[in-house]
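# Fold and geometry: a report
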Amino acid sequence: MALRILKGEKLQAERDRLEGMKAYERQYGSYSAICGIDEAGRGPLAGPVVAGAVILPEDCEILFLNDSKKLSEARREALYPEIQEKASAWAVGIAGWERIDEINILQATYEAMREAIRKLSLQPDLLLNDAVTIPEVTIPQIPIIKGDAKSVSIAAASILAKVTRDHLMREYDKIYPEYGFAKHKGYGTAEHIAAIKKYGPCPIHRQTFIRNFR
């Protein structure tokens, strides 16, 4: 499917939308390296949770940046390499299903976020996080409710996290094809729950998430 290309008034409207998201970030002051933080995979029954961290240059323009959930899969896949190319720095952190079962999904999410921050090639001086305050981080941080729809940096992080996780789940689908991971990415769809009941859990299932489906 061909992706929509904007021209004329629609292109200007998209640029205005993005400028509004940049202006939202500027309300927090002047920083040389604002880093957006977001995650993908807190809710699924299987697979890891992935965090993205992205620092964008001030003059960066990436059309269609938005909350990853508001974008089509094709659009996310197209934006994924563009974000990596244009970002001043980017990284992802991953916490696996064993760690999720061991310390719970929230703490595992924090671990993935801290890993992503540590892996950045550029030290951020402000973190804008989607909805959470990350423990054990000394960098100033601001939690923003629905931040992936308000901040370009968080939107970029949400796309990196989502696409990275989707790629991982497609690879797991090749190993455990009976569960349909490529389609539902580990979320608790009726098809997925039926497969768990039929085949039992596989090694990448979160044991603490599937107690009611076994």
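Look up a bit, the structure's there.
Summarised in this report is the structure supplied together with it. (Residues numbered from 1 in each chain as written. Predicted model: local features only at pLDDT ≥ 70, side-chain atom pairs only at ≥ 80, totals over all residues. Heavy atoms only, no water.)

## What to know about unusual backbone geometry
Positive phi is not limited to glycine here, since Glu136 has a value of about 65°. Tracing the chain through its elements places Glu136 in the loop between strand 4 (126-130) and strand 5 (141-144). One non-glycine residue, Lys185, lies in the positive phi region at around 60°. As for its position among the elements, Lys185 is in the loop between helix 6 (181-184) and helix 7 (190-199). Of the residues examined, Lys185 reaches a relative accessible area of 7% and is grouped as buried. (Helix = DSSP H or I, 4+ residues; strand = E, 2+ residues; numbered from the N terminus. Buried < 20%, exposed > 50% of the residue type's maximum accessible area, 1.4 Å probe, protein only.)

## Observations regarding the layout of surface pockets
When its volume is computed, the largest pocket comes out at roughly 410 Å³. Lining the largest pocket we find 25 residues, and of these Lys22, Glu25, Leu56, Pro57 and Glu58 sit closest to its centre. Contributing elements (two or more residues each) for the lining of the largest pocket: helix 1 (8-26) and helix 5 (152-175). Ranked by residues supplied to the lining of the largest pocket, first place goes to helix 1 with 7 residues. Across the lining of the largest pocket, the residue classes break down as 12 nonpolar, 5 polar and 8 charged. Taken as a whole, the second largest pocket encloses approximately 220 Å³ of empty space. Around the second largest pocket, the lining is made up of 13 residues, and of these Glu39, Ala40, Gly41, Lys69 and Tyr187 lie nearest the centre. Sorting the residues of the lining of the second largest pocket by element identifies strand 1 (34-40) and helix 5 as the ones contributing at least two each. With 3 residues, strand 1 is the largest single contributor of residues to the lining of the second largest pocket. (1 Å grid on protein atoms, 1.4 Å probe; cavity = no way out; pocket = protein on both sides within 12 Å on 5 of 7 lines; lining within 4 Å. Points joined across faces, edges and corners; volume = space filled by probe spheres on them. Nonpolar A, V, L, I, M, F, W, Y, C, P; charged D, E, K, R; others polar.)

## What to know about the packing of aromatic side chains
Within this structure, the stated rule accounts for 4 aromatic pairs. An angle of 75° between the planes, with centres 5.8 Å apart, marks the rings of Tyr24 and Tyr28 as edge-to-face. Judged by relative accessible area, Tyr28 falls into the partly exposed class, the value being 24%. Summarising the aromatic geometry, the rings of Trp97 and Tyr172 are spaced 5.5 Å apart at their centres and angled 85° between planes, so their arrangement reads as edge-to-face. Here Trp97 is found in helix 3 (residues 97-103), whereas its partner Tyr172 is found in helix 5, with 75 residues between them in sequence. Taken as a pair, Trp97 and Tyr172 share a single burial class, namely buried. Clustering of aromatic rings is evident, with ring pairs tying together Tyr179, Phe181 and Tyr199. The ring of Phe64 has Arg75 sitting right over it, with the charged end atom 3.7 Å from the ring centre. Directly above the ring of Phe209 sits Arg206, whose terminal nitrogen or CZ lies 5.0 Å from the centroid. (Phe/Tyr/Trp six-rings, centres within 6.5 Å; stacked < 30°, edge-to-face > 60°. Lys NZ or Arg CZ within 6 Å of the ring centre and 35° of its normal.)

Such coordinate-based values are descriptive only and should not be taken to indicate function.
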